[in-house]
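Working through the structure, step by step
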Amino acid sequence: LQLQETRINNMIRRLDTVRDRISEAQQEISRFQMEEKQLEAALGEQKQSNDPGAREEASMATLLIGGMKTKMATATAALNRHTAEEAQLMAELATEQGRWTAINQQLDELERVLAGKK
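Not measured: the values here are computed from a predicted model. (Residues numbered from 1 in each chain as written. Predicted model: local features only at pLDDT ≥ 70, side-chain atom pairs only at ≥ 80, totals over all residues. Heavy atoms only, no water.)

Some remarks on the overall build of the protein chain
Definition in use: Here a strand is any run of E in DSSP of at least two residues, a helix any run of H or I of at least four, and the numbering for each starts at the N terminus. Here the globule rule is a power law, 2.2 Å times the number of residues to the power 0.38, and the radius of gyration is based on C-alpha atoms. Any two residues whose heavy atoms approach within 4.5 Å are treated as being in contact. The accessible surface values rely on the Shrake-Rupley method and a 1.4 Å probe; as for residues, cover is taken only from the protein chains in view.
Within the protein chain one finds 2 helices and 0 strands. Taking 118 residues into account, the globule formula puts the C-alpha radius of gyration at 13 Å, and the protein chain, at 27 Å, lies well above it. The principal-axis extents of the C-alpha atoms in the protein chain amount to approximately 100 × 15 × 15 Å. If you take every contact in the protein chain between residues at least 6 apart in sequence, the share linking residues at least 24 apart comes to 87%. Per element, the accessible surface of the protein chain, about 8,600 Å² overall, is 53% carbon and sulfur.

Side note on the pattern of salt bridges
Filter applied, for reference: Between Lys or Arg on one side and Asp or Glu on the other, a salt bridge is scored when a side-chain nitrogen of the former is within 4 Å of a carboxyl oxygen of the latter. The cut-offs for exposure are 20% and 50% of the maximum accessible area for each residue type, with area from a 1.4 Å probe on protein chains only; residues under the lower value are buried, those over the upper are exposed, and the others partly exposed.
Taken as a whole and assessed by the stated rule, the structure comprises 6 salt bridges. A salt bridge links Arg19 to Glu86, with the nearest nitrogen and oxygen atoms 2.8 Å apart. Residue Arg19 is located in helix α1 (residues 2-48), and its partner Glu86 is located in helix α2 (residues 52-117); the two are separated by 67 residues in the primary sequence. By relative accessible area, which is 18% here, Glu86 ends up buried. For Glu36, the salt bridge identified is with Lys69, shortest N-O distance 3.4 Å. Highlighted residues: Glu36 in helix α1 and Lys69 in helix α2, separated in sequence by 33 residues. Since its relative accessible area comes to 11%, Glu36 is described here as buried. Several salt bridges converge on common partners, so that one network encompasses Arg7, Glu96 and Arg99.

What follows is the structure in C-alpha cells.
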C-alpha cells in the first residue's frame, strides 16, 4: 500500500510539473500573439507612410512577423505535447489510484477476517 502511495505521489508531482509547463507555454503563446499584433500595427503604419525609410522598416517588420509566427508555432507544438502528456498522466494516475483502492479494500477485508478469528 505504501509503495502504491509513493507511486501516486510521484505521478502527482509529475502532473504538477507538466501543468506548470502548460501554463508557461500558454503565457509564451499569449506574449507572442501580443508582439505579433504590435508588429502588424507598426507594419500597417509604415505601409501608409510616404517616408522612404518606412519601406525598409516595413520590410524588417515583415521579417519579424515571420519569425514571431515560427516561434508561436513552436510554442503551440510544445503546448500540445504537454497537454497530451497531462492527459496520459491523468489516465495513469486514475489507474494507480484504482489499484490503491483495490489494495486498500483487500487489506480491509483481511483485517475483518482476522478480527473474526480472534
